[in-house]
Amino acid sequence: MNTSRRRFLAGLGSAAAVAAAGCAAPTQDGSAASTATTEPAVGNDAAASPYTRVYRETIPSVVLVRVYTEDGPGGQGSGFVFDGRHLVTNEHVVDGGSEVRIRFREGEWRVADVVGTDVYSDLAVLRVSDVPDYAEPLPFVASEPPVGTRVVALGAPFDLGGSVSAGIVSGQDRGLPSANGFTIADAVQTDAAVNPGNSGGPLVTLDGDVVGVINSGGGDNIGFAISAALTERVVPTLIQRGRYRHSYLGVQLQEVSPLVAEANELDRARGIIIVRAVDGGPADGTLRGSDEQTVINGVAVPVGGDVVVGIGGTAVRTQADLGSYLALETSPGDTVSVTVLRDGTEETVEVTLDARPTP
């Protein structure tokens, strides 16, 4: 974002079951359903709502992503400009495509190269040789916005390019399904409308800063985005190397519910219990998995495993806490201190992380 845009937007914030949301079905000939790409007359900016203002300032950087397969037109999603040559979208939008085409706000089409994808974060990077001058990179939030922050989702739902929907940040640190039983950590929940075709587009604050990359929607008024923090960690590496290596602890986990606490004679329900340490994984021989189950009130619960209550000096209350720490604070090869409750005693052990297996 240039200085004039940042200055223009500086005060706007104060003025004012999961299914993939990308991969909308193409039209019969594979073209976009919406052809209107130019912005109408802007009118009086001083009298415009903060939603109108942020839309006008950010929508030129948002694109429609059209995917073609060897058999013909594939799916469709959204994306946005990350730097002078690269755009961000979802991995599931471009997965299986043999060619990707991008349509910018004023109607220009470009062929894009897929330079990197990561199924574990559902992020992909596209490279375009000639990005229009008006399509400037969108900045990311400097820190996690609090729940209740007003946001807008930008993109091309159902092929309707240049669309916007408004809402708030409804939740933080959500875990989303990923490949091979893993989760995408640190996701942002929103009640802004998210529909097929929105995937890969930006979720932005009223200051025009990206909160996350829209990933999915499900149920009424529930949508999710890959957080800015995880996106900024993954995307530069995809640009440089084409792939990203996620930290891998090698355990199967379950949150400590009141029933699990009762079965393991814990004073209260806290932390996450290790159900199994994966054979040959980083935690094998260091962290203990449960050796049996018991049934309480008709529910089978694990007994005997280590209960993780901290990692690297950070408290672990839920699986989301552990997942976010591993995703945002560590890399494969790092040695981390894991605090566990073992046989009624708190202990700290060290585990050297590996990289997640290829999905």
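Check the entry above for the structure.
Report follows, based on the coordinates. Because the structure is predicted, anything quoted here is derived from the model rather than measured. (Residues numbered from 1 in each chain as written. Predicted model: local features only at pLDDT ≥ 70, side-chain atom pairs only at ≥ 80, totals over all residues. Heavy atoms only, no water.)

**Comments concerning the sheet that holds strand 4 (residues 86-89)**
Strand order around the closed barrel formed by six strands is 2-3-4-7-6-5, with antiparallel pairing between neighbours. Between one strand and the next, the sheet's axes are offset by a mean angle of 40 degrees, whatever the strand orientation. Pairing geometry for strand 6 (residues 109-118) and strand 7 (residues 123-127), over five bridges, is antiparallel. In the strand pairing of strand 7, Asp113 is matched with Arg127. Each of strand 4, strand 6 and strand 7 is contacted by helix 5 (residues 228-241), which is oriented at about 45 degrees to strand 7, the strand it contacts most. (Pairing = 2+ DSSP bridges. Helix = DSSP H or I, 4+ residues; strand = E, 2+ residues; numbered from the N terminus. Axes fitted to C-alpha atoms, helices over the stretch in contact; angles between N-to-C directions. Contact = heavy atoms within 4.5 Å.)

**As for the layout of surface pockets**
Summary: where empty space remains is shown by rolling a probe the size of a single water molecule over the atoms. By volume, the largest pocket is sized at about 620 Å³. Lining the largest pocket are 31 residues, and of these Phe182, Thr183, Val251, Leu253 and Arg356 lie nearest its centre. Put simply, the parts of the chain that give the lining of the largest pocket at least two residues each are strand 9 (163-177), strand 10 (183-190), strand 14 (247-248), strand 15 (251-255) and helix 7 (319-329). A breakdown of the residues in the lining of the largest pocket according to their chemical character gives 12 nonpolar, 12 polar and seven charged. Of the voids in this model, the second largest pocket is the one considered here, and its volume is about 290 Å³. Lining the second largest pocket are 15 residues, and of these Asn264, Glu265, Leu266, Asp343 and Gly344 sit closest to its centre. Grouping the amino acids of the lining of the second largest pocket by side-chain chemistry returns five nonpolar, four polar and six charged. (1 Å grid on protein atoms, 1.4 Å probe; cavity = no way out; pocket = protein on both sides within 12 Å on 5 of 7 lines; lining within 4 Å. Points joined across faces, edges and corners; volume = space filled by probe spheres on them. Nonpolar A, V, L, I, M, F, W, Y, C, P; charged D, E, K, R; others polar.)

The quantities given are spatial measurements derived from coordinates; they are silent on function.
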